[in-house]
Amino acid sequence: MKVLCLLLLFEFPGRIIQKKFIYVCLHQTKSIMLITISLVVFYLSAPVLLIYLTKISKILNRLGAVVLAYLLGLFIGNIGILPAASDSFREILGTRSFLPEAEFKSYFEASKLTESDILVNQIASLQDILMTIIIPLAIPLLLFSLDIRKWLKLAKGAVLSLILAMVSLLIAVFVGFYLFAGSITESWKVAGMLVGVYTGGTPNLAAIGTALNVSPNIFVLTHTYDLIIGSVALLFLMTIAQRLFHAFLPKFQVVHKAENAYQIGNEADDIENFDPLFKRKAVPDILKALGISVLIFAIGGGLSLLVPKPTDTIVAILAITTLGLLSSLIKPIRRLRNSFQLGMYLIIAFSLVVSSMANLSNMFQIEFLQLFLYVLFVVFGSIIIHVGLASIFKLDADTTIISITALTYSPPFVPAVASALKNKDLIISGLTIGILGYALGTYLGVIVAAILK
């Protein structure tokens, strides 16, 4: 920042307004550097605290570290700790999170922005950089441990349930789009994100949000409504859904052997076990996984340079996802321990960054009612459609419930719902559906967004 200010000073020595901008810039350099370093340390280290809190509290464990990260980020971003943009700056920004340096300078010289806006813009720029780096690194890490052949071999019956779940979701998203999208900002992007979040949870939501360049406010509002409505839906699935669905669907019949269910059950217990990340013996595998992920990131970034904007980001995300999947077919990479947990750690950090950029007061504005209704329609509409299709194809109630859980809430929730249904044999089907949802959701979300655009 300081170097940039000095370069500008030597480049334009005769302009008084330019010198004023450089003086302000230099004057704030120390504050900007201190805040920048503090924010980076906070964003990357806070997940450790959140993971620890989920270990010592049953209530917080049920919420999960991702939800806690959103709550903490919203708190940090809305209590006045971070500097606020001036009214004129917010108006100029529109749906963008920050202004490029040259554009910001031109507005500042025209006296449309204040000195405090310099710090606001720099912080927003830092947050955008972190978001841009974290997601492409996390996607391959989440996919490395996926054994496609194993999942398909152990749970072929789950594939049909996966297909029905995705068909149900697509119907709900398309119908809801034409019912509610008229007054929703970036509605086609929201549709793509909803496909992502309901086929793989937060990782896919984040990947699609990044690929489509969704504004932080719309991103957080969409996910906040999803958390509110989703918590109600999850309670329904864990309590009365089984008895209600039995009126339309047959009861569960055991398809897999007990030893297979037990084997997958042990894997499920490890999904949210972050303990090995903080042990010395895990360091070699973690560094290898991270190194491969950085390489994939670099390749995806290189490919994105070959296409024009705004498709460059989409190309990068899809390339990174594809390379992550291909890497999972290589045994030495697939056997790297804790790559999934490291990816989820980065997702927690991402959730913290993006939620701290949101203005919570916007959530209660009447203009966002349509967005709330759209999310509500997709969640419960897709469930109703799924049950109808399951009835036609004679799928049992428990498999239907676990497939909805796996796609809507991601694999970590599968064991909890299976336990609530008193059917541990569901775990294998749930994990199969959930992990395949991770792999397919990003592609599907980007395609849907492109169609609706």
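Refer to the structure presented above.
Note that the structure is predicted; figures quoted are calculated from it, not measured. Sequence order sets the numbering: in each chain, residues are counted from 1 along the sequence as written. Only residues with pLDDT of at least 70 are given local features in this predicted model, and only at 80 or more are side-chain atom pairs given and counted; all residues enter the totals for whole chains, interfaces and linings. Each side-chain value is worked out from all heavy atoms of the structure, with water and hydrogens disregarded.

(A) Local environment of the nonpolar core. Definition of nonpolar core: a set of buried residues of the types Ala, Val, Leu, Ile, Met, Phe, Trp, Tyr and Cys, connected through side-chain atoms within 4.5 Å. Under the scheme applied here, a residue whose accessible area is under 20% of the maximum for its type counts as buried, over 50% as exposed, and between as partly exposed, the area being computed with a 1.4 Å probe on protein chains only. Counting 134 residues, the largest nonpolar core has Phe219, Phe245 and Tyr374 as its most contacted members. By the criteria applied, helices consist of DSSP H or I runs no shorter than four residues and strands consist of E runs no shorter than two, each listed in order from the N terminus. Considering every element that reaches this core, the biggest residue donor is helix H8 (residues 116-143), with 15 residues. Leave out the neighbours within four places in its chain, and Phe219 touches Tyr70, Met193, Leu205, Ala206, Gly209, Val214, Phe350 and Val354. We call two residues in contact when some of their heavy atoms are within 4.5 Å.

(B) Summary view of the packing of H8 against helix H19 (residues 339-355). The contact between H8 and H19 brings their axes to 8 Å, and the two run at 155°. Comparing their axes, H19 and H8 come out roughly antiparallel. Our pair here, H8 against H19, has a crossing hand that is left-handed. From H8, Gln127, Leu130, Met131, Ile134, Ile135, Leu137, Ala138, Leu141 and Leu142 reach across to H19, where they touch Ser339, Phe340, Leu342, Gly343, Met344, Leu346, Ile347, Ala349, Phe350, Val353 and Val354. Between the N-to-C directions of two axes lies an angle of 0 to 180 degrees, each axis being a line fitted to C-alpha atoms and, for a helix, fitted only over the stretch in contact. Any angle that falls under 35 degrees is termed roughly parallel, while one over 145 is termed roughly antiparallel, one within 65 to 115 roughly perpendicular, and all others oblique. What makes a crossing left-handed is the near helix being turned counterclockwise from the far one by less than a right angle; a clockwise turn instead makes it right-handed.

(C) Expanded view of the packing of aromatic side chains. Working definition: a ring pair exists when centres of Phe, Tyr or Trp rings (six-membered ring for Trp) sit within 6.5 Å. Plane angles under 30 degrees give stacked, over 60 give edge-to-face, the rest tilted. Counted under the stated rule, the structure contains 7 aromatic pairs. Aromatic side chains Phe236 and Phe245 sit 6.0 Å apart centroid to centroid with 70° between the ring planes, which places their arrangement in the edge-to-face category. Look at Phe245 and you get buried, because its relative accessible area is 4%.

(D) Layout of helix H5 (residues 65-78). With 14 residues, H5 ought to run about 20 Å at 1.5 Å a step, and its terminal C-alpha atoms sit 20 Å apart, in line with that. Where H5 is concerned, the buried positions are Ala65, Val66, Val67, Leu68, Ala69, Tyr70, Gly73, Leu74 and Ile76. Following H5 by one or two positions, Gly80 has its phi on the positive side, about 95°. To estimate how far a helix should reach, multiply one less than its number of residues by 1.5 Å.

(E) Inspection of the packing of helix H11 (residues 187-200) against helix H13 (residues 216-238) at higher detail. Viewed as axis vectors pointing N to C, H11 and H13 meet at an angle of 45°, and their least axial separation amounts to 11 Å. By the criterion of interaxial angle, the relationship of H11 to H13 is oblique. For the element pair H11 and H13, the recorded crossing hand is right-handed. The residues of H13 that touch H11, namely those facing Val190, Met193, Leu194, Val197 and Tyr198, are Ile218, Phe219, Thr222, His223 and Asp226. Polarity classes work like this: nonpolar for Ala, Val, Leu, Ile, Met, Phe, Trp, Tyr, Cys and Pro, charged for Asp, Glu, Lys and Arg, and polar for all others, with Gly in that last group. The residue inventory of the contact of H11 with H13, partitioned by class, reads 7 nonpolar, 2 polar and 1 charged.

(F) Seen up close, the pattern of salt bridges. A pair is scored as a salt bridge if a Lys or Arg side-chain nitrogen falls within 4 Å of a carboxyl oxygen belonging to Asp or Glu. Inspection of every chain in the model, using the stated rule, returns 2 salt bridges. Where Asp275 meets Lys55, a salt bridge forms, and the shortest distance between an N and an O atom there is 3.2 Å. Here Asp275, found in the loop between helix H15 (258-270) and helix H16 (283-304), pairs with Lys55, found in helix H3 (residues 29-56); they are 220 residues apart in sequence, far enough to count as distant. A salt bridge links Glu186 to Lys189, with the nearest nitrogen and oxygen atoms 3.4 Å apart. Like Lys189, Glu186 is buried.

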